[in-house]
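Chain residues, written in single-letter form:
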There are 2 protein chains.
Amino acid sequence: MTERVWTAGIIVIGDEILSGRTQDKNVAQIGTWLNVQGIRLTEVRIIGDDTDAIVAAVDALRARYDYVFTTGGIGPTHDDITVDAIAQALGVEVVIHPDARAILDAYYAPRGGLNEARLRMARVPAGADLIPNSYSGAPGIRMGNLYIMAGVPHITAGMLDALTGSLEGGDPLVSRTIGSWAAESEIADLLRAQEKSHEGCQIGSYPFFREGKTGANFVIRSTDQSRLDACAADLAAALEAAGFATVEGGI
Amino acid sequence: MTERVWTAGIIVIGDEILSGRTQDKNVAQIGTWLNVQGIRLTEVRIIGDDTDAIVAAVDALRARYDYVFTTGGIGPTHDDITVDAIAQALGVEVVIHPDARAILDAYYAPRGGLNEARLRMARVPAGADLIPNSYSGAPGIRMGNLYIMAGVPHITAGMLDALTGSLEGGDPLVSRTIGSWAAESEIADLLRAQEKSHEGCQIGSYPFFREGKTGANFVIRSTDQSRLDACAADLAAALEAAGFATVEGGI
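Residues numbered from 1 in each chain as written. Chains lettered and ligands numbered in written order. Predicted model: local features only at pLDDT ≥ 70, side-chain atom pairs only at ≥ 80, totals over all residues.

**A short note on the interface of chain A and chain B**
So, step 1. On the chain B side, the residues contacting the 43 residues of chain A number 43 residues.
So, step 2. Counting only elements with at least two residues in the side of chain A that touches chain B, the list comes to helix H1 (15–18), helix H2 (26–36), strand S2 (39–47), helix H6 (116–119), helix H8 (188–197) and strand S10 (202–210) of chain A.
So, step 3. A per-element tally of the side of chain A that touches chain B places S2(A) first, with seven residues.
So, step 4. Residues belonging to the side of chain A that touches chain B are distributed by class as follows: 15 nonpolar, 16 polar and twelve charged.
So, step 5. Where S2(A) and strand S2 (residues 39–47) of chain B come together, five bridges link them in antiparallel fashion. Paired with A:Ile46 across the bridge in S2(B) is B:Val44. (Contact = placed C-beta atoms within 7 Å. Helix = DSSP H or I, 4+ residues; strand = E, 2+ residues; numbered from the N terminus. Nonpolar A, V, L, I, M, F, W, Y, C, P; charged D, E, K, R; others polar. Pairing = 2+ DSSP bridges.)

**Looking at the packing of helix H2 (residues 26–36) of chain B against helix H7 (residues 153–163) of chain B**
When two helices pack together, their arrangement is given by the angle between the helix axes and the distance between those axes.
Residues and elements named next belong to chain B.
So, step 1. Two elements in contact, H2 and H7, have axes separated by 10 Å at closest approach and are oriented at 15°. Classed by the angle they form, the pair H2 and H7 counts as roughly parallel. H7 is crossed by H2, and the crossing has right-handed handedness. Residues Asn 26, Gln 29, Ile 30 and Trp 33 of H2 form the contact with H7, whose own contacting residues are Pro 153, Thr 156, Ala 157 and Leu 160. (Axes fitted to C-alpha atoms, helices over the stretch in contact; angles between N-to-C directions. Parallel < 35°, antiparallel > 145°, perpendicular 65-115°, else oblique. Left-handed = near helix turned anticlockwise from the far one by under 90°.)

**Here we look at the sheet that holds strand S11 (residues 213–222) of chain A**
Hydrogen bonds along the backbone pair up the strands of a sheet, which may run parallel or antiparallel.
Residues and elements named next belong to chain A.
So, step 1. A sheet is described by the order of its strands in space; here four strands give the open sequence S10-S11-S9-S12, paired in antiparallel fashion. What marks the edges here is a single partner per strand, and that holds for S10 and strand S12 (246–248). Neighbour to neighbour, the strand axes of the sheet diverge by 25° on average, direction disregarded.
So, step 2. Relative to S11, strand S9 (residues 174–180) runs antiparallel, the two being bridged by seven bridges. By the bridge assignment, Ser 180 is partnered in S11 with Ala 216.
So, step 3. Sheet strands touched by H8: S10 and S11. Its angle to S10, the strand with the most contacts, is close to 155°.
So, step 4. Strand contacts of helix H9 (residues 225–241): S9, S10, S11 and S12, with the helix running at about 10° to S9, the strand carrying the most contacts.

So, in structure tokens, the structure goes:
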């Protein structure tokens, strides 16, 4: 029986990521979270603050994956164009969401009150729901299979917490890591053979150079815990038999 | 006169990035380096170790941008399929590059010698050139407008050093940062007006929360230093006039 695989894409929106000024952290954070939901992150696109680029990416990914997350471009300033671009892609109007307005009203009451810029953060594509933001005022937005998240990683973290358990997924991907002070070029054949003989398991090889020595961590991934454990045991035994000490959990 | 804008795309290849296990650093590193070459990074796609996904991304991006960089998947193990997938996308054979073989031969001579797995790293799409790797043996690969780089960030850093000055570009993008303890929702109109009145400059707004206070850094980007300086001076003056102290260089 082949289980249905649930997939997701992420669209990271922001000139500051492409220019190298800001190191993206949302891909790793959302990817990790998706694994736990039993959803496989399959593709990420990083694009600038550009309406045409956002529309094209949303069009391409929302048809292709079960879930699509966007990050960035939902603040109050002129370069925050994500909501408008997504509404354009979906062919709907942009409206003020009454609950978002009420949230922002309460949040900004002790902070000088709502102004036009702050009210921008209550704008959503018509028909959208809100995603709670436990950190600051402005909520995230859910529209069909699109999840519109903040660019600031700890705000997105809070929004992910709010979504935990609410997205349908398959069996979570589980993983185990075996570390070894083996150059991966010395054990490539062994790895290939181990992967081939363990159906339903993928083995990734991640070399490193530390303390003047070459080693690698081997990450085994599967949706089946018993297959995963069997593969990890066999891989460790094969490495030991080839003369390489192994470290459960990785080096 | 509108200057020609040179563009680039990056394809990050690796299950470990999508799973969240590894934090990508190549996008920020290559994006920063491209700015200095006068080339604008316009799109990034992150995909898994999957031939079809690599072929599709290479096909899409190499036609669209002046330069395309790939990172990852050029090591000696079974999950390193980048060279084969790119050759398939280009419709050429995979061949052993004689210079790459000689480099690997010399590199591995004191390390147990070449074996089949290590020789995999001499495989290139037919017609490709090599990019020197100053850190370890296996070189990068240049094939038309495709630059095939390592996944390990410091190896890619060395390959970028080797390429510095060799890619045709336009005027480098220069930037200045003005920091302020202003909530961006308080100065959104001011920012929008400043950007509108300074042609050839983009202003990005990057909010933060520190020491219990809200602030933002405003990054002004332009290919024209005098326009950049004029915009920075006017923006700082406008913020000060609105009652917000500014910090040249950002907070």
